[in-house]
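# Results of the structural survey
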Amino acid sequence: FKPLGPKDLQAWIVAETAAREASFTPEGMACYLPVAGTDAWKISGEIEALSALARAKNGGRIDAALVREIAHLQVEESVFDFLDAIGARRANLALPKMDALLQQGETEVSLLSRLQAHLRGLLVAADLTALGQASKDRLARELGVHPFAAAKLLSQSRYFKPQELEALYLWLID
């Protein structure tokens, strides 16, 4: 399997899920897309597990609650919650989430890498905003992320001055 671009991801997920006699509810898809990534091999395995659970429990419907039942998706979702708290300048929320992730087995290197990528996304969003070219679709293309993630980055970038993001990003990669 090869990595999928953000445009093709949702359509591919829908087709793969239908082939397994299941379907996502809108809420289930909204919950899954931000944590799916773009690795088709990984997503295929997750869809297989979600579809089997959905057929057994929900008549083939994959809703948000079912998505959260998959343990590794819960950890991934927690990583996104941590990054969202950082992006919203909510240290009071970010620190407990970081502690919980470390206790769940996430490594410092993994979290640092994710934080660097998130700050880079915020920096690109701030730059596009300063140029008057900010849109979720443009940012999604620039970063190779899903438009949902791009919209969150655009929203969060407004909490920072561009020079703050640049200084923080440079500090993290140093």
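Report on the accompanying structure.

What counts and how
- Residues numbered from 1 in each chain as written.
- Predicted model: local features only at pLDDT ≥ 70, side-chain atom pairs only at ≥ 80, totals over all residues.
- Heavy atoms only, no water.
- Helix = DSSP H or I, 4+ residues; strand = E, 2+ residues; numbered from the N terminus.
- Rg over C-alpha atoms; globule rule 2.2 N^0.38 Å.
- Buried < 20%, exposed > 50% of the residue type's maximum accessible area, 1.4 Å probe, protein only.
- Contact = heavy atoms within 4.5 Å.
- Lys, Arg positive; Asp, Glu negative; His and termini not counted.
- Charge placed at Lys NZ, Arg CZ, Asp CG, Glu CD.
- Salt bridge = Lys/Arg side-chain N within 4 Å of Asp/Glu carboxyl O.
- Axes fitted to C-alpha atoms, helices over the stretch in contact; angles between N-to-C directions.
- Parallel < 35°, antiparallel > 145°, perpendicular 65-115°, else oblique.
- Left-handed = near helix turned anticlockwise from the far one by under 90°.
- Core = buried A, V, L, I, M, F, W, Y, C linked by side-chain atoms within 4.5 Å.

## Topic: the overall build of the protein
From N to C terminus, the protein includes 10 helices and 2 strands. Along the protein, helices and strands appear, N-terminal first, in the series α-β-α-α-β-α-α-α-α-α-α-α. What you see for the protein is a C-alpha radius of gyration of 17 Å, in line with the 16 Å of a compact globule of 174 residues. For the protein, the C-alpha atoms occupy an extent of roughly 50 × 40 × 25 Å along the three principal directions. Evaluated residue by residue, the protein yields a buried proportion of 36% over its 174 residues. Of all intrachain contacts in the protein linking residues separated by at least 6 positions in sequence, the fraction that spans at least 24 positions is 61%. Placing the 19 positive and 22 negative side-chain charges of the protein at their respective mean positions leaves the two points 5 Å apart.

## Re unusual backbone geometry
With the exception of glycine, most residues fall at negative phi, and the peptide bonds are largely trans. One non-glycine residue, Glu21, lies in the positive phi region at around 60°. Along the chain, Glu21 falls in the loop between helix 1 (6-19) and strand 1 (23-24). Positive phi, close to 60°, is recorded for Arg89, a residue that is not glycine. Examined against the element boundaries, Arg89 turns out to sit in the loop between helix 5 (71-87) and helix 6 (91-103).

## Quick notes on the pattern of salt bridges
Side chains carrying opposite charge are able to pair once their charged atoms draw close together. Here the structure, examined in full by the defined rule, presents 6 salt bridges. Members of the salt-bridge network, linked through shared partners, are Glu16, Arg20 and Glu48.

## Observations regarding the environment of Val79
Following the sequence through the fold, Val79 ends up in helix 5. What Val79 contacts, discounting residues up to four positions off in sequence, is Leu101, Glu106, Leu111 and Arg114.

## Overview of the side chain of Ser157
Take Ser157: it is sitting in helix 9 (residues 147-157). Take Ser157: its relative accessible area is 4%, and that puts it in the buried class. Not counting the four nearest positions on each side in its chain, Ser157 is found in contact with Leu122, Ala125, Ala126 and Thr129.

## Considering the environment of Leu93
With respect to the secondary-structure elements, Leu93 resides in helix 6. Sequence separation between Leu93 and Leu66 is 27 residues, and the spatial gap between their C-alpha atoms is 25 Å.

## Overview of the packing of helix 7 (residues 108-130) against helix 8 (residues 136-143)
Contact geometry for helix 7 and helix 8: axes closest at 10 Å, N-to-C directions at 135°. The pairing of helix 7 with helix 8 is recorded here as oblique in orientation. Relative to helix 8, the crossing made by helix 7 is right-handed. Across the interface between the two elements, Arg120, Gly121, Val124, Ala125 and Leu128 from helix 7 touch Arg138, Leu139, Glu142 and Leu143 from helix 8.

## Here's the deal with the packing of helix 7 against helix 10 (residues 162-173)
Direction vectors running N to C along helix 7 and helix 10 enclose 155°, while the axes themselves pass 9 Å from each other. Viewed along their axes, helix 7 and helix 10 adopt a mutual orientation that is roughly antiparallel. As for how helix 7 packs across helix 10, the hand of that crossing is left-handed. Two secondary-structure elements touch here, helix 7 through Leu112, Leu115, Gln116, Leu119, Arg120, Leu122, Leu123 and Ala126 and helix 10 through Pro162, Leu165, Glu166, Leu168, Tyr169, Leu172 and Ile173.

## Some details on the nonpolar core
By size, the foremost hydrophobic cluster in this structure holds 25 residues, and its most contacted members are Phe82, Leu119, Leu122, Leu139 and Leu165. Contributions of two or more residues to this core are made by helix 5, helix 6, helix 7, helix 8, helix 9 and helix 10. In terms of residues, this core owes the most to one element, helix 7, which gives 9 residues. Discounting chain neighbours no more than four positions away, the residues touching Leu119 are Leu165, Leu168, Tyr169 and Leu172. Ranked by size, the runner-up nonpolar core spans 21 residues in total, among them Leu9, Ile13, Ala22 and Tyr32.

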